[in-house]
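Here's the letter readout for the chains.
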Number of protein chains: 2
Amino acid sequence: VPERNLKLTIAYDGTRFVGWQRQLEGESIQGLLEEALSSIEGGPVTVHGAGRTDAGVHALGQVASAAVTFSHDAQTLLRALNAQLPSEIRVIRLEDVGREFHARFGATRKTYRYLICHDPVIPPFHRAFAWHLPEPLDLVSMQDAARLLIGTHDFGAFRSTGTPVRTTVRTLSDSRFQRYAADLALAPDLSHLAYEITGDGFLRHMVRAIVGTLVDVGRRRRSPDSIALLLENAGRADAGPTAPAHGLFLVRVDYD
Amino acid sequence: VPERNLKLTIAYDGTRFVGWQRQLEGESIQGLLEEALSSIEGGPVTVHGAGRTDAGVHALGQVASAAVTFSHDAQTLLRALNAQLPSEIRVIRLEDVGREFHARFGATRKTYRYLICHDPVIPPFHRAFAWHLPEPLDLVSMQDAARLLIGTHDFGAFRSTGTPVRTTVRTLSDSRFQRYAADLALAPDLSHLAYEITGDGFLRHMVRAIVGTLVDVGRRRRSPDSIALLLENAGRADAGPTAPAHGLFLVRVDYD
């Protein structure tokens, strides 16, 4: 049977899942996608995701690949998958790609966004999608500190201990904090802060550890310049706390 | 004990509630606010809302009034109420107002918004806040029809039967459909449709009946001009279906 390689772009509200990756207990996005594809295939299908998002982390544009043999056209398949998946998970695009495409190994860049609600009261519509920090934050210092992370550095201080990796060196092409009116439709007067980060790869909990550290800077518990020291021979304990999962979104995955 | 009159502005995600109004069964927004205020008062408190929203309908700026005798300052009280309320309900403003202020009787205008997701796939973040209509819709006809509703008319064709009211004549100062990028933070490429309506008062299910009828126009099941006929001696069966509750938001209540 001729094999066919699918590229899926997926959005999900991660609130109630154990994360992207299949686990022994609990529902995962990978597991539910594999179930849906397997039921169409009539046999097991493995789904490879571009990146593993933790429990509670959301995605606007996660990318996955899967080899299948059925012949449904892309439009029909997209509808069939969404009919079977829970409404928290939507396949937003589905394309046929060459056999050499692999969502994880082929990914050249990923972009994440972290939302902070800086208003005194967090609107009910954002309670599952933003970290609520009503206290004063020094945004200019956070912006200065964020910029220092751009480039090729050792991000060993910003990762969960216990995960073996070949190298903790990563290259960031973007790292910035900005203010913007979030969700014009639902809460017109709201000013959120968004941290956007793009890199060639990310260590486990790296974005959340960076956000926790930048928030320390915003709270004036550390100076913007001190961030540079964390990129040289520093340990996880030297950086700030891990920001909560529910403010984080995997926004986009790029391929060459 | 000297009485004090409070004006509360409230946002809520109506998904899991029986509606604004206290019911024998289930949790209501009014009931939960009364519980929270009563526990501070140490005695029963009645909360008057500007308008009764149905089960599943949301609010960005519902207004309520309540007479109490405790003396906490507004800032402390706001924090205490939000600490006690579930995260789906947030008091976003709290002010001391004159004894003559009554949230319902004093309201001169209310504005509602109805969100329609017109994309092929509804993003998971909007599934509880927009009516998903992926089929083609004639937006220009919907806009033309919406405009015909502005002014003083008999809206008897757009209300739930069985609710006795003195008159079904209401005055709308605004009624329009527009396209816009919803929720820049969560789904940048999204184009929703929003229906905005402002009037001096609304009959039960009136906004949802209007939206259902305007969508009939968008689907070319009725002409834009036919809307005018519904304002003259028409019955509920002559208008379109009632749009689902979860796309509707009470946006703002105005007082003189």
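Given the structure is predicted, the values throughout are model-derived calculations rather than measurements. Each chain has its residues counted from 1, running along the sequence as written. Think of it this way: whatever chain is written first is A, whatever ligand is written first is 1, and the rest follow in order. Thresholds applied to this predicted model are a pLDDT of at least 70 for local features of residues and 80 or more for the giving and counting of side-chain atom pairs; totals over whole chains, interfaces and linings are not thresholded and use all residues. In computing side-chain values, all of the structure's heavy atoms are included and hydrogens and water are not.

**Considerations on the pattern of salt bridges**
The salt bridge criterion pairs a side-chain nitrogen of Lys or Arg with a carboxyl oxygen of Asp or Glu, the two atoms within 4 Å. The full count for this structure, using the stated rule, is 36 salt bridges over all chains. As a salt-bridge pair, A:Arg22 and A:Glu34 come within 2.6 Å of each other at their nearest N and O atoms. Taken as a pair, A:Arg22 in the loop between β1 (4-12) and α1 (29-41) and A:Glu34 in helix α1 lie far apart in primary sequence, twelve residues in all. Overall, the relative accessible area of 45% leaves A:Arg22 in the partly exposed class. A relative accessible area of 8% means that A:Glu34 is categorised as buried. Note that A:Glu196 is salt-bridged to A:Arg113, the shortest N-O span being 2.6 Å. Linking A:Glu196 in strand β9 (residues 191-199) with A:Arg113 in strand β5 (residues 107-117), this pair joins segments that are 83 residues apart in sequence. Of the two residues, A:Glu196 and A:Arg113, neither departs from the other in class, the shared state being buried. Members of the salt-bridge network, linked through shared partners, are A:Asp13, A:Arg16, A:Glu27, A:Glu88 and B:Arg127. Strands are runs of DSSP state E lasting at least 2 residues, helices are runs of H or I lasting at least 4, and numbering of each runs from the N terminus. The buried label goes to any residue with under 20% of its type's maximum accessible area, the exposed label to any with over 50%, and the partly exposed label to all in between, with areas taken from a 1.4 Å probe on protein chains only.

**Quick notes on the confidence of the model for chain A**
Note on scores: pLDDT gives the predictor's confidence for each residue, bounded by 0 and 100. Looking at chain A as a whole, its pLDDT mean stands at 92, while 95% of the residues score no less than 70. Here the predicted complex carries an ipTM of 0.81, next to a pTM of 0.88.

**Observations regarding the pairing of β1(A)**
Residues and elements named next belong to chain A. Counting buried positions along β1 yields nine of nine residues, so the element is predominantly enclosed. Because side chains alternate across β1, one face comprises the buried residues Arg4, Leu6, Leu8, Ile10 and Tyr12, and the other comprises Asn5, Lys7, Thr9 and Ala11, equally buried. Pairing between strands is defined by DSSP: at least two bridges between them are needed. Across eight bridges, β1 lies against strand β3 (residues 58-68) in antiparallel orientation. Each bridged residue has a counterpart across the sheet, and for Asn5 the counterpart in β3 is Ala67. Taken together, the eight bridges between β1 and strand β4 (residues 89-97) define a ladder with antiparallel strand orientation. Note on β4: the bridge partner recorded for Leu6 is Asp96.

**Section: empty space enclosed by the protein**
Residue and element names in this part refer to chain A. Both site types are read off a 1 Å grid over the protein atoms alone. A 1.4 Å probe that fits but cannot get out defines a cavity, while an open set with protein on both sides within 12 Å along at least five of seven lines defines a pocket; lining residues have an atom within 4 Å of a point. Grid points are joined across faces, edges and corners, and a volume is the space filled by probe spheres set on the points. Tallying each qualifying case throughout the model produces one cavity of 30 Å³ or more. Reported here for the largest cavity is a volume of approximately 30 Å³. In terms of lining residues, the largest cavity is bounded by His118, Leu137, Leu139, Arg179 and Leu193. Each residue is assigned to one of three groups, with Ala, Val, Leu, Ile, Met, Phe, Trp, Tyr, Cys and Pro labelled nonpolar, Asp, Glu, Lys and Arg labelled charged, and all others, Gly among them, labelled polar. Looking at the lining of the largest cavity residue by residue, the class counts come to three nonpolar, one polar and one charged.

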